[in-house]
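Spelled out from the first residue to the last, the chains are:
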Amino acid sequence: MFVKLCGLRTEQDVATAVDAGADAVGFVFTTSPRQIPIDTVRELLRGVPAGVLSVGVVHGIPADEAGALARAAGVDALQLHGSYPQSAFEGLAGLRLLRATSLTADTDVRTGAYGEEWLLLDSPVAGSGARWDLSALHTARPTGQWLLAGGLAPDNVAEAIAAAQPWGVDVSSGVESARGVKDHGRMREFVAAARA
């Protein structure tokens, strides 16, 4: 099970994620309680070993600006979160991309449909910790390398994996002690529960 821990902001957050065995670490570039300056991301990337994917996360800014931020930070991949059109992805040649969206009647659930490498399905209110109705996946089954997010936490991730059968999972608020503040014990518990 591929595990991404998102919204990291400190050296200890990164060290804990890596030590816990996370496959990917996410850094939020745009307005959020988890937002982090690009200069800080560059410093934190020194603690991310080869083999752990570093992801810059953006929401609500133009794709070309997002691409510039990702390149300036030096992350491995860029996550466009929200209602970005296919043309936004087409203009980001050379970057590894993750398309993050909520599941609606119009969502294309084929990983790679917009040229992205990974698809992430989240709750309609990203970063809120709100769960969503996984039964919707019965009629809109994703394909390829897709991650489940939205309301996941150490105590429910195993159940969610069993229900949704994703390729991977992503968490941010479910491993926090307060908005934007990671709980290192919960980070470790989440990774262990997702792999159990």
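(A) Quick peek at the packing of aromatic side chains. For the structure on display, the rule yields two aromatic pairs. Measuring from ring centre to ring centre gives 4.5 Å for F2 and W167, while their planes differ by 20°; the resulting arrangement is stacked. Residue F2 is found in strand β1 (residues 2–5), and its partner W167 is found in the loop between α5 (157–164) and β8 (168–171); the two are separated by 165 residues along the sequence. Exposure remark for F2: the relative accessible area of 16% places this residue in the buried category.

(B) Focus on the pairing of β1. Burial along β1 is two-sided: the residues F2 and K4 and V3 and L5 are all buried. Alignment of β1 against β8, held across four bridges, turns out to be parallel. Residue pairing across strands places K4 opposite D170, the latter belonging to β8. As for the winding sense of the linkage, the β-α-β connection from β1 through helix α1 (residues 11–20) to strand β2 (residues 24–28) is right-handed.

(C) Structural detail: the pattern of salt bridges. In total, this model carries nine salt bridges according to the counting rule given. Residues R42 and D39 are paired through a salt bridge, measuring 2.3 Å at the closest nitrogen-oxygen approach. In this pair, R42 and D39 are both assigned in helix α2 (residues 38–44), three residues apart and thus about one turn of the helix distant. A relative accessible area of 38% places R42 in the partly exposed class. Owing to a relative accessible area of 47%, D39 belongs among the partly exposed residues under this scheme. The salt bridge partner of R96 is E117, with a shortest N-O separation of 2.6 Å. Linking R96 in strand β5 (residues 96–102) with E117 in the loop between β5 and β6 (118–122), this pair joins segments that are 21 residues apart in sequence.

Criteria and cut-off values
Residues numbered from 1 in each chain as written. Predicted model: local features only at pLDDT ≥ 70, side-chain atom pairs only at ≥ 80, totals over all residues. Heavy atoms only, no water. Phe/Tyr/Trp six-rings, centres within 6.5 Å; stacked < 30°, edge-to-face > 60°. Helix = DSSP H or I, 4+ residues; strand = E, 2+ residues; numbered from the N terminus. Buried < 20%, exposed > 50% of the residue type's maximum accessible area, 1.4 Å probe, protein only. Pairing = 2+ DSSP bridges. Right-handed = clockwise from strand over helix to strand, strands pointing away. Salt bridge = Lys/Arg side-chain N within 4 Å of Asp/Glu carboxyl O.

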